[in-house]
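Structure assessment
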Amino acid sequence: MIDPASALEVLREGEIELVGRLLGSSNHAMLCRVRRTCPPPGTSTVLEAVYKPTAGERPLDDFPDETLSHREVAAYLVSEAIGWGIVPPTIRRDGPFGDGSLQAWIDADPGVDVVAMVVESDPRLRRIAVFDAAVNNTDRKGGHLLPVGGGSHVYGVDHGVTFSTEPKLRTVLWGWRGTPLAPDELDGLARLAAALRGDLARDLRGLLSRGEIAATRRRVDALLASRRFPLPRPDWPAVPWPPF
């Protein structure tokens, strides 16, 4: 795992050098190196990162234009509030193509079979399923799951289509649908519920609308009330396409 505090310093203060566009990205995501020069002279820290410029976003029918990069940052803030380190360090800042999100790059462990983890409902994915329910993730594909360190920790990435005011949960992580939430999962949701009535709500302003923040608060409250994983909706596709 990366050190979040150090990564955030580099992302905020470093100089961005573009490496190239990530092929297959629908929103012009780019790989870059972020270099932060530190004392003594000549000493620097370099971090690979993913830059998603707001100007490169493809318009969607069901999300406001030029908001996807903001949702990436909002997802990181929620991940931090819930306390599980699911989303890699992510900030909003100007880059070579203007405003956008900048997220620390994660080198996934190629020896971990993510497909098997999903199909077998690996317990290491439970917290990500809870997180997705809280942020109303409408695109949790298997390729958005990045295990590191032999799978000891799993990051989740690509959160541009989250936080809708309408129920839109669409995910490959339905293995626990309708089953009780574990005590640690309820504790995380309780932390998130408190944060959404405090500093987190303030930090989300400018990234999400008031309605989206309120809807997130209601979703978290509903999960705490039911104490169970959500069920798929009969009138909404349960799984994104392609799923991997």
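What comes next is a walk through the structure. What you see is a predicted model, and the numbers here were worked out from it, not measured in a lab.

**Some details on the sheet that holds strand β2 (residues 30-38)**
Read across the open sheet, the five strands follow the order β1-β2-β3-β5-β4; overall the sheet is antiparallel. The outermost strands of the open sheet, each flanked by one partner alone, are β1 (15-21) and β4 (90-95). Each strand of the sheet is rotated relative to its neighbour by a mean of 40°, with strand direction disregarded. As judged from the six bridges shared by β4 and strand β5 (residues 98-104), these two strands associate in the antiparallel manner.

**A closer look at unusual backbone geometry**
In the segment running from W241 into P242, the intervening peptide bond is cis, with an omega of -5°. Structurally, the position occupied by P242 is in the segment after α7 (210-226). The backbone of S121 sits at a positive phi, close to 50°, despite the residue not being glycine. Phi is positive for D158, which is not a glycine, with a value near 65°. Take D158: it is sitting in the loop between β7 (153-156) and α5 (183-195). According to the relative accessible area criterion, D158 is partly exposed, its value standing at 29%.

**Side note on the nonpolar core**
Core analysis: the largest hydrophobic core is formed by 59 residues, its most contacted members being V34, L102, L125, L145, L173 and L192. Ranked by residues supplied to this core, first place goes to helix α4 (residues 126-135) with seven residues. With sequence-adjacent residues up to four places away left out, L145 is seen in contact with V114, V118, L125, I128, R140, V154, Y155 and L173. Counting five residues, the second-largest nonpolar core is a separate cluster that includes I106, L146, V148 and Y155.

**Observations regarding the layout of surface pockets**
To find leftover empty space, one rolls a probe the size of a water molecule over the atoms. Here the largest pocket defines a volume of roughly 900 Å³. Of all the elements in the fold, those that place two or more residues in the lining of the largest pocket are β3 (43-53), α2 (68-82) and β5. Here the lining of the largest pocket is composed, by residue class, of 16 nonpolar, eleven polar and nine charged. Considered as a void within the structure, the second largest pocket measures approximately 360 Å³ in volume. The wall of the second largest pocket is formed by 23 residues, among which A133, N136, P167, R219 and P230 lie closest to the centre. In terms of residues, the lining of the second largest pocket owes the most to one element, α7, which gives six residues. Each residue belonging to the lining of the second largest pocket can be placed in one class, and the counts come to 13 nonpolar, four polar and six charged.

**Section: empty space enclosed by the protein**
In total, this model carries two cavities of 30 Å³ or more according to the counting rule given. Roughly 80 Å³ of volume is contained in the largest cavity. Taken together, the residues of the lining of the largest cavity sort by class into seven nonpolar, one polar and two charged. Lining the second largest cavity are V50, K52, E72, S101 and Q103.

**Here's the deal with a nonpolar patch on the surface**
A cluster of nonpolar side chains, namely V115, V119 and F244, defines an oily patch on the protein surface of about 290 Å² accessible area. Its location among the elements puts F244 in the segment after α7.

Quick notes on the rules
- Residues numbered from 1 in each chain as written.
- Predicted model: local features only at pLDDT ≥ 70, side-chain atom pairs only at ≥ 80, totals over all residues.
- Heavy atoms only, no water.
- Pairing = 2+ DSSP bridges.
- Helix = DSSP H or I, 4+ residues; strand = E, 2+ residues; numbered from the N terminus.
- Axes fitted to C-alpha atoms, helices over the stretch in contact; angles between N-to-C directions.
- Buried < 20%, exposed > 50% of the residue type's maximum accessible area, 1.4 Å probe, protein only.
- Core = buried A, V, L, I, M, F, W, Y, C linked by side-chain atoms within 4.5 Å.
- Contact = heavy atoms within 4.5 Å.
- 1 Å grid on protein atoms, 1.4 Å probe; cavity = no way out; pocket = protein on both sides within 12 Å on 5 of 7 lines; lining within 4 Å.
- Points joined across faces, edges and corners; volume = space filled by probe spheres on them.
- Nonpolar A, V, L, I, M, F, W, Y, C, P; charged D, E, K, R; others polar.
- Patch = residues over 30% accessible without salt bridge, like charges linked within 9 Å, V, L, I, M, F, W, Y side chains within 5 Å.
- Areas by Shrake-Rupley, 256 points an atom, 1.4 Å probe, with all protein chains shown as cover.
- Salt bridge = Lys/Arg side-chain N within 4 Å of Asp/Glu carboxyl O.

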